[in-house]
Amino acid sequence: ELSQAVVDAGAVPLLVLCIQEPEIALKRIAASTLSDISKHSPELAQTVVDAGAIAHLAQMILNPDAKLKRQVLSALSQIAKHSVDLAELVVEAEIFPVVLTCLKDSDEYVKKNGATLIREIAKHTPELSQLIVNAGGVAAVIDCIGSCRGTVRLPGIMMLGYVAAHSENLSMAVIVSKGIPPLSACLVEEDEDHIKAAAAWALGQVGRHTPEHARAVAVANVLPMLLAMYMDTRSSDDLQMKATLKNILQKCTYLPALEPLLHDAPPNIMKHIVGQFSKVLPHDSKARRLFVTTGGLKKVQEIKAEPGSLLQEYINTINNCYPEEIVR
C-alpha cells in the first residue's frame with residue numbers, strides 16, 4: 001500500500017524521466033526506486049511498464065557504471081518475475097544477448113542480478129526458456145556458476161533447474177551445455193545448505209525425465225553425494241528434502257551407478273533403488289551376472305522387507321531372475 005501511495009501520487013512517470021537524466025547518481029536511485037515499486041505485485045509492476053520504463057532500463061544494461069547496472073537488472077527482474085506477459089515485455093526490449101555480458105562482469109552483484117533476471121524469465125514457460133537457450137543463455141549461466149562462489153551462484157543454479165524442469169529437450173540442453181559438472185561441484189564446494197539444496201534440486205530436475213537424463217546425472221557420481229547429504233543429520237530439512245534422489249532414481253536404469261547405493265541407503269530410498277534393479281535385471285543377462293559378482297544379489301538378500309510390501313515384491317522379482325541355488 002505504501003508503494004501504491006507513491007504510484008497514486010503520480011511519481012512513476014517522473015521516475016522514468018529521472019532515469020533518462022545524465023547524472024549517474026540520479027539514474028541509480030531512480031532505477032532502484034522503480035525496482036522497489038515493481039517488486040510487490042503484477043499491478044504495481046504494470047504501472048512501471050505503462051510509463052515506458054522497460055525500454056529505458058534495457059538501454060542501460062551496457063552502461064559502464066556497475067552500481068547503475070545492478071539497479072537496472074534488479075528493476076527488470078522485479079518486473080519480469082510476476083507473469084508471463086510481463087516477462088515477455090522485458091524480452092521484447094531485446095535484452096538478449098546483451099544481458100549475457102553481465103554474467104562476465106567483474107562486479108559480483110551485477111553477475112548475480114543478471115543471473116536473477118534470466119532466472120525470472122526462464123521460470124515462466126518452456127518457450128521463454130527456449131528463447132534463452134537459443135541466445136546462448138544456458139551456456140553463459142553455466143560458465144558463470146563455474147567462475148564464482150557463494151550466493152552469487154544461487155540464481156544461476158535455480159535458473160538451470162527451472163529450464164530443465166520444463167521439458168526433456170530443455171533438460172537435454174542443460175546436459176549438452178555441460179551443466180552437470182558445475183552443479184555437482186556446488187554440492188562439494190559450497191558450505192551453505194541452501195546453496196547445496198538448490199544444486200540438488202536442479203540436478204533432480206535435470207535427471208527426472210528419461211533414463212538417458214538420469215544416466216547423465218548418475219555418471220557424474222552425484223548420487224552418492226546426494227545420499228550422504230540426505231542421511232547427514234546436520235543437513236537442513238530443506239537440503240534433506242531436495243537431496244532425496246527419488247526423481248532421478250525412478251528413471252535411472254544405469255545400474256553401475258545404483259550399485260554402491262545399495263550398501264548405504266535407508267529403507268525409504270532403498271525401495272526405489274531395488275525397484276530399478278527389479279525393472280532392469282529380468283531383461284539384461286550381462287547385468288544379472290554382474291549383480292552376482294559385485295555382491296549386489298547378496299546385499300539384496302540381507303534387506304529386511306515387510307512381507308507383502310512393495311520392497312518385498314521388488315526383491316522377489318530380482319530373486320526370480322536367478323536359479324534357486326544361487327539365491328540360497
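Scroll up a little and you will see the structure.
Treat the numbers as computed from the prediction; the structure is a model and nothing was measured. (Residues numbered from 1 in each chain as written. Predicted model: local features only at pLDDT ≥ 70, side-chain atom pairs only at ≥ 80, totals over all residues. Heavy atoms only, no water.)

## Here we look at the nonpolar core
The nonpolar side chains of a soluble globular protein tend to be buried with one another.
Here is step 1 of the chain: Judged by nonpolar contacts, the single largest core of 112 residues is most densely connected at Leu57 and Ile121.
Here is step 2 of the chain: Here this core gets eight residues from one element, more than from any other, and that element is helix 14 (residues 193-207).
Here is step 3 of the chain: Beyond its immediate stretch of four places on either side in the chain, Leu57 contacts Ile19, Ala31, Val72, Ala75, Leu76 and Ile79. (Core = buried A, V, L, I, M, F, W, Y, C linked by side-chain atoms within 4.5 Å. Buried < 20%, exposed > 50% of the residue type's maximum accessible area, 1.4 Å probe, protein only. Helix = DSSP H or I, 4+ residues; strand = E, 2+ residues; numbered from the N terminus. Contact = heavy atoms within 4.5 Å.)

## Examining the pattern of salt bridges
Here is step 1 of the chain: In total, this model carries 14 salt bridges according to the counting rule given.
Here is step 2 of the chain: As a salt-bridge pair, Asp36 and Lys39 come within 3.5 Å of each other at their nearest N and O atoms.
Here is step 3 of the chain: By relative accessible area, Asp36 is classed as partly exposed at 37%.
Here is step 4 of the chain: Residue classification places Lys39 among the partly exposed positions, given a relative accessible area of 33%.
Here is step 5 of the chain: The residue Glu120 makes a salt bridge to Lys123 at a minimum N-O spacing of 2.8 Å.
Here is step 6 of the chain: In this structure Glu120 comes out as buried when scored by relative accessible area, which is 9%.
Here is step 7 of the chain: The structure contains a network of salt bridges with shared partners spanning Arg149, Arg153, Glu189 and Glu190. (Salt bridge = Lys/Arg side-chain N within 4 Å of Asp/Glu carboxyl O.)

## Quick word on unusual backbone geometry
Here is step 1 of the chain: The step from Phe96 to Pro97 runs through a cis peptide bond, and the omega angle for that step is 0°.
Here is step 2 of the chain: Mapped onto the secondary structure, Pro97 falls in the loop between helix 7 (84-92) and helix 8 (108-122).
Here is step 3 of the chain: Residues other than glycine seldom take positive phi values, yet Glu94 does so here, at roughly 55°.
Here is step 4 of the chain: Looking at the element boundaries, Glu94 is found in the loop between helix 7 and helix 8.
Here is step 5 of the chain: Residue Lys178 is not a glycine yet carries a positive backbone phi of 65°.
Here is step 6 of the chain: Tracing the backbone through its elements, the reader meets Lys178 in the loop between helix 12 (168-176) and helix 13 (180-189).

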